[in-house]
Amino acid sequence: KGEQAIEEWMKLNAVAYNDIKGSDLIEAFGGLIGDADKRALTPEVAEQMAVGMRHSGSVSFYGWVDDDLAFVQPFGFEQEKINKPVVLWQGNDDFMVPQAHSEWLHKHIPTSTLNFVPGHGHISLIEKYRENIIEMALGYLN
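Quick summary incoming for the structure in this document. The shown structure was predicted, so the numbers you read here are calculated from the model rather than taken from an experiment.

### Thoughts on helix α7 (residues 122-141)
Then, in step 1: Its 20 residues place the ends of α7 only 25 Å apart at the C-alpha level, less than the 28 Å of an ideal helix rising 1.5 Å per residue.
Then, in step 2: Y129 marks where α7 bends most, by close to 75°.
Then, in step 3: Among all positions of α7, only I123, S124 and L125 are buried.
Then, in step 4: Where the residues of α7 are buried, they touch α2 (25-29), α3 (35-40), α4 (43-56), β1 (86-91) and β2 (112-117).

As structure tokens, this is what we get:
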């Protein structure tokens, strides 16, 4: 019965996201975004996100569901054993990922660096620091 409910939920959401437009995103995000993210969600940014959302569910919604279920499952490995650099970015206006989560990860991953950026949320942080994040990631590949 639970699997059938999940299947129905996926069908409803897949249809909703197949047609989502940038102009729909602020309302669609509802209470999941704060003021910083609402400001960052310009028409151009919102349309880019909508394109990504439409594309991500174009074949199946299962990936999104798997991602959401991963939030409540064990990691499957010990964070303390990570020996590669991990860079965490977090803002204090992020309503999607609690600040305590990035602090927990930072505490449990010995190779982590936490870039805490006051005044930013989930979307605004990526919009403002995208180049820095990419540059940092590319630096680890060299």
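### What about the pairing of β2?
Then, in step 1: Bridge count between β1 and β2: six bridges; the pairing is parallel. Bridge assignment links V87 to a residue of β2, and that residue is T113.
Then, in step 2: Read from β1 through helix α6 (residues 99-108) to β2, the crossover connection turns out right-handed.

### A few points about a nonpolar patch on the surface
Then, in step 1: A surface patch of nonpolar side chains, about 340 Å² in accessible area, is lined by L69, F71 and V72.
Then, in step 2: Locating V72 in the fold gives a position in the loop between α5 (62-70) and β1.

### Details of the pattern of salt bridges
Then, in step 1: Summed over all chains, the structure comprises three salt bridges.
Then, in step 2: The salt bridge partner of E78 is K81, with a shortest N-O separation of 3.7 Å.
Then, in step 3: According to the relative accessible area criterion, K81 is exposed, its value standing at 61%.

### Digging into the nonpolar core
Then, in step 1: The biggest cluster of nonpolar side chains holds eleven residues, and these are I20, L25, F29, I33, A40, L41, V45, A46, A50, M53 and I123.
Then, in step 2: Looking at this core, the elements with two or more residues in it are α2 and α4.
Then, in step 3: Sorting elements by how many residues they give to this core places α4 first, with four residues.
Then, in step 4: Contact partners of L41, with chain neighbours within four places excluded, come to L25, I26, F29, I33, A46, M49 and I123.

### Quick notes on the packing of aromatic side chains
Then, in step 1: Using the criterion set out here, one finds three aromatic pairs in the structure.
Then, in step 2: Taking the centre distance of 5.8 Å and the plane angle of 55° together, the rings of F75 and F77 count as tilted.
Then, in step 3: Taking relative accessible area as the criterion, F77 reaches 46% and is therefore assigned partly exposed.
Then, in step 4: Ring centres of F75 and W104 lie 6.3 Å apart, and the angle between their planes is 10°; on these two criteria the pair is classed as stacked. Remark: W104 occurs in helix α6 and F75 occurs in the loop between α5 and β1; sequence separation between them is 29 residues.
Then, in step 5: Residue classification places F75 among the partly exposed residues on the basis of a relative accessible area of 45%.
Then, in step 6: Here the aromatic residues F75, F77 and W104 are joined through ring pairs into a cluster of three or more.

Here is what the cut-offs are and how they apply
- Residues numbered from 1 in each chain as written.
- Predicted model: local features only at pLDDT ≥ 70, side-chain atom pairs only at ≥ 80, totals over all residues.
- Heavy atoms only, no water.
- Helix = DSSP H or I, 4+ residues; strand = E, 2+ residues; numbered from the N terminus.
- Expected span 1.5 Å × (residues − 1).
- Bend = angle between axes of the 7 residues up to and from the residue.
- Buried < 20%, exposed > 50% of the residue type's maximum accessible area, 1.4 Å probe, protein only.
- Contact = heavy atoms within 4.5 Å.
- Pairing = 2+ DSSP bridges.
- Right-handed = clockwise from strand over helix to strand, strands pointing away.
- Patch = residues over 30% accessible without salt bridge, like charges linked within 9 Å, V, L, I, M, F, W, Y side chains within 5 Å.
- Areas by Shrake-Rupley, 256 points an atom, 1.4 Å probe, with all protein chains shown as cover.
- Salt bridge = Lys/Arg side-chain N within 4 Å of Asp/Glu carboxyl O.
- Core = buried A, V, L, I, M, F, W, Y, C linked by side-chain atoms within 4.5 Å.
- Phe/Tyr/Trp six-rings, centres within 6.5 Å; stacked < 30°, edge-to-face > 60°.

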